[in-house]
Amino acid sequence: MIAADFLREGEYRFSLTAASHGSELAQMSATLSLDNTVLNVYTWHGESEKSELSREKEVRGKMHYLKFYFSQGGLELDSLRIQLLREIDKPFF
């Protein structure tokens, strides 16, 4: 779990880079959540080199937490990158 202090409200891209070290037929899933909301379920297939999977999500508010969960061994997480795509100017009502 990671505490995140978002400086700006806006649309963000959440990118995970990982490699799986399972058998050829293995499917390794991982879930990335923002607070209690699932952002995306990422799936790597078989034995793979490092690959990046991304998802865009609008983030409102300042303080959040990120949780990365995977239930199997054999998944090697390389990086988690968070990138601001566009800033939100007006509050949502």
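Now for a description of the structure that goes with this document. Bear in mind the structure is a predicted one, so any value in this text is a computation, not a measurement.

Cut-offs used in this document
- Residue indices follow the written sequence of each chain, beginning from 1 at its first position.
- Residue-level local features of this predicted model are given only where pLDDT is at least 70; pairs of side-chain atoms are given and counted only at 80 or more, and the full residue set underlies all totals for whole chains, interfaces and linings.
- Calculation of side-chain values draws on the structure's entire complement of heavy atoms; hydrogens and water are dropped beforehand.
- Here a salt bridge means any side-chain nitrogen of Lys or Arg lying within 4 Å of a carboxyl oxygen belonging to Asp or Glu.
- Helix and strand assignments follow DSSP, with helices taken as H or I runs no shorter than four residues and strands as E runs no shorter than two, numbered in order from the N terminus.
- Relative accessible area decides the class of each residue, using a 1.4 Å probe on protein chains only: under 20% of the type maximum gives buried, over 50% gives exposed, and in between gives partly exposed.
- Any pair of nitrogen or oxygen atoms within 3.5 Å is treated as a polar contact; in protein, a donor-acceptor pairing is required on top of that, and neighbouring residues in sequence qualify only through side-chain atoms on both sides.

**With respect to the pattern of salt bridges**
In this structure the tally under the stated criterion is eight salt bridges. A salt bridge links Asp78 to Lys50, with the shortest nitrogen-to-oxygen separation between them at 3.1 Å. On the criterion of sequence distance, the pair formed by Asp78 in strand S7 (residues 75–87) and Lys50 in the loop between strand S4 (37–45) and strand S5 (51–59) is long-range, its members being 28 residues apart. Here Asp78 falls in the partly exposed class, since its relative accessible area comes to 44%. Where Glu58 meets Arg86, a salt bridge forms, and the shortest distance between an N and an O atom there is 3.7 Å.

**Overview of the side chain of His64**
Residue position: His64 is located in strand S6 (residues 63–69). A relative accessible area of 12% places His64 in the buried class. Within polar-contact distance, the side chain of His64 engages the side chain of Asp35 at 2.6 Å.

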